[in-house]
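Here is what each chain is made of, one letter per residue.
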Amino acid sequence: MSLPGATVQALPTGAVPGPVTADRAHLFTAGTVADYRRVLAEGIDRVADRVAAADRPFTGVTPQDLAPRIAGIDLDRPLGDTGAALDELQDVYLRDAVYFHHPRYLAHLNCPVVIPALLGEAVLSAVNSSLDTWDQSAGGTLIERRLIDWTVDRVGLGPAADGVFTSGGTQSNLQAMLLAREEAVGRAATSGGPRPSRPESLSRLRILTSAAGHFSVQKAAKLLGLDADAVVTVGTDAGRRMRTDELAREIDRCRREGLRVMAVVATAGTTDFGTIDPLPRIAGICAAAGVWLHVDAAYGCGLLVSPTRRHLLDGIDRADSVTVDYHKSFFQPVSSSALLVRDRRVLRHATWHADYLNPARAVEQRIPNQVDKSIQTTRRFDALKLWLTLRIMGPDAVGALFDEVIDRAAAAWHLLTEDPRFEVVTRSQLSTVVFRYLPTGPGRALVDEANLYAREALAASGAALVAGTTVDGAHHLKFTLLNPETTVADIAHVLDLIAEHAGWYVRTRTAGELSCPIR
Ligand SMILES: *Cc1c(COP(=O)(O)O)cnc(C)c1O
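Overview of the structure. These numbers were taken from a predicted model, which means no experiment stands behind them. (Residues numbered from 1 in each chain as written. Predicted model: local features only at pLDDT ≥ 70, side-chain atom pairs only at ≥ 80, totals over all residues. Heavy atoms only, no water.)

**So, the environment of Gly473**
With respect to the helices, strands and loops of the structure, Gly473 is situated in the loop between strand 11 (465-471) and strand 12 (474-480). Residue Gly473 is classed as exposed on the basis of its relative accessible area, which comes to 62%. Each C-alpha atom, one on Gly473 and one on Asp448, is 9.7 Å from the other, the two residues being 25 residues apart in sequence. (Helix = DSSP H or I, 4+ residues; strand = E, 2+ residues; numbered from the N terminus. Buried < 20%, exposed > 50% of the residue type's maximum accessible area, 1.4 Å probe, protein only.)

Structure (structure tokens):
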């Protein structure tokens, strides 16, 4: 392509790049590939050494310890040297980071990552494609599209389905709610009778989700300008799954009150309990009521590749939109997520044509510009990580890893049911375990504080990390198992540590109160 008025000088083929001047020494160009190899290898060595040496998931460092070290660094005075910068990084980050690969990291939905995906990460950031337009990514666009088609196929969304990679489940849920909102407002405008104003339509919209659904649904409603009470929580059964009788009742109630249910959000893998809402029955209710069904499978999406448990997602194929977080149960590094839709036409609600980037004529010319489907513009080629994972390991191997942690969570649940020191809540269909330490005797009144204390004391020691949550107002502890290297012995050991910390707390508090009653 030539620019009008520009003098185009032919370069001899195989032109040798010019000398690398000092100010350009750090630019990744044809002249610096040797540095690229050396510097990255140095960084990889540091990370590998640290990962190999980690004897606990965390050092227990506090923000007070770390903040002065980071604040004390003069960002206007570069060290100039990779080794020195890595030494400093060791001090302010690598030494005290939280290590998800460690078998006693049992806290949040963070997975250890697979090496093919780390290779993808290195490649995608070096080439630095941007997936907004074809002319900034070429093959990257088509690879992302193939992976969306592959996922859509696994979900069973049908021939008109499509989707796009996103930064995470929160963004996927936000975009799903945006699309559902626009569809609902559009229907309100064409459903006959006096045409409501847009603010009127918006104020009548409701989203139904279970009490165990993810908070990003509430956040999406807020960001989308819906009413403060737009999200109606539907009760759950003893297994922490959405009650479908209550769902049907709420849909009826909304109708009677002149409210419009813009979406039902079912969760396939609740963050706390790892339970899956009854998708087939929910899909039936939504279909009968003409309501958009969004399935939040941020956590449960790993079942799509499970060699033994795909059936747990039965009914997901009837969704209008689906959230999948590959960075949770596909063992991918952050970020890697997607929003999928049954009918690709709904993605038009996220489309805006800019003359400089994605003019409308590009659509006629069939130029694949992913920005037309996304709420981001410049966007990472995160899909490459999943691509290399599938091409090197294959889906069954990923699913087998997820199966393994689900089995381990079941074993942990059995362990807890047989341990009189603890009370365990509901059995997860995925890989979480929610439980609490139960003090006996007069210490019983300290149950909440003892569990809170145990979690903090454990984190401060760095020996293990567990999560906390509340169940019906009472403080509980949670294991989220995503590391196949975590053994039942690791879990038993962590339970002993928790019992030690909680027991110590109860003993000192009750003893303290006996000896010092006026405190
Ligand atoms: C983690 C999670 C989300 C949010 O995903 P992010 O990738 O953290 O933004 C949404 N829904 C559920 C059920 C989740 O577990």
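What follows continues from the structure just given.
**Section: the site of the ligand**
Neighbouring the ligand are 15 residues, the closest being Gly169, Thr170, Asp296, Asp325 and Lys328. Residue Asp296 places a side-chain N or O atom 2.6 Å away from a nitrogen atom belonging to the ligand. Looking at the shell around the ligand, the elements that each hand over two or more residues are helix 6 (169-190) and helix 11 (326-329). A total of three residues in the shell around the ligand trace back to one element, the largest contributor, which is helix 6. (Near = heavy atom within 4 Å. Polar contact = N/O pair within 3.5 Å; in protein donor to acceptor, adjacent residues only side chain to side chain.)

**Here we look at the sheet that holds strand 1 (residues 105-106)**
Judged by pairing direction, the sheet is mixed, and its five strands sit side by side in the order 1-11-12-10-9 without closing on themselves. The sheet is open, and its two borders are formed by strand 1 and strand 9 (422-424), each paired with just one other strand. Relative to strand 12, strand 11 runs antiparallel, the two being bridged by five bridges. The residue of strand 12 that forms the bridge with Thr469 is His476. The strands touched by helix 14 (residues 395-417) are strand 9 and strand 10 (432-437); relative to strand 10, the strand with the most contacts, the crossing angle is about 20°. Packing against the sheet, helix 15 (residues 447-461) makes contact with strand 10, strand 11 and strand 12, and its axis sits at approximately 35° to strand 12. (Pairing = 2+ DSSP bridges. Contact = heavy atoms within 4.5 Å. Axes fitted to C-alpha atoms, helices over the stretch in contact; angles between N-to-C directions.)

**Some thoughts on helix 15**
The terminal C-alpha atoms of helix 15, which comprises 15 residues, lie 21 Å apart, in line with the 21 Å expected from a rise of 1.5 Å per residue. Looking at helix 15, one finds that the buried residues are Val447, Ala450, Asn451, Ala454, Ala457 and Leu458. An end-on view of helix 15 places all buried positions within 135° of arc, on one side of the element. The exposed residues of helix 15 that point more than 90 degrees off its buried face are Glu456 and Ala460. Downstream of helix 15 by one or two residues, Gly462 has phi in the positive range, about 75°. (Expected span 1.5 Å × (residues − 1). Arc of directions from axis to C-beta.)

**Topic: the nonpolar core**
Ranked by size, the top nonpolar core spans 90 residues in total, and within it Val264, Val295, Val322, Phe435, Phe479 and Ile498 carry the most contacts. Structurally, this core is a two-domain feature, drawing no fewer than three residues from each of domain 1 (121-392) and domain 2 (396-510). In this structure Ile498 touches Phe422, Phe435, Ala454, Leu458, Val466, Leu477 and Phe479, once residues within four positions along its chain are discounted. Judged by nonpolar contacts, the second largest core, of 26 residues, contains Ala176, Met177, Leu178 and Val341. (Core = buried A, V, L, I, M, F, W, Y, C linked by side-chain atoms within 4.5 Å. Domains from an automatic or database assignment.)

**Some words on helix 5 (residues 139-155)**
Helical geometry note: an α-helix holds 3.6 residues per turn, so side chains three or four residues apart project in the same direction. Its 17 residues place the ends of helix 5 24 Å apart at the C-alpha level, agreeing with the 24 Å of an ideal helix rising 1.5 Å per residue. Within helix 5, the full set of buried residues consists of Gly140, Thr141, Glu144, Leu147, Ile148, Thr151, Val152 and Val155. Axial view of helix 5: buried residues confined to an arc of 135°, hence all on one face. Projecting away from the buried face of helix 5 at angles above 90 degrees are the exposed residues Arg146 and Asp153. Buried residues in helix 5 make contact with strand 2 (162-166), strand 7 (321-325), helix 11, strand 8 (337-341) and helix 13 (383-392). Two residues or fewer past helix 5, Gly156 is found with a positive phi of approximately 90°.

**Examining the pairing of strand 6 (residues 293-297)**
Strand 6 sits mainly inside the fold: five of its five residues count as buried. Taking every second residue as pointing to the same face, both faces of strand 6 are buried, with Leu293, Val295 and Ala297 on one and His294 and Asp296 on the other. Where strand 5 (residues 260-267) lies against strand 6, four bridges are found, and the strand directions are parallel. Across the sheet, Ala266 pairs through a bridge with Val295, a residue of strand 6. The parallel pair strand 5 and strand 6 is bridged by helix 10 (residues 279-289), and the resulting crossover is right-handed. Pairing geometry for strand 6 and strand 7, over four bridges, is parallel. Residue pairing across strands places His294 opposite Ser321, the latter belonging to strand 7. (Right-handed = clockwise from strand over helix to strand, strands pointing away.)

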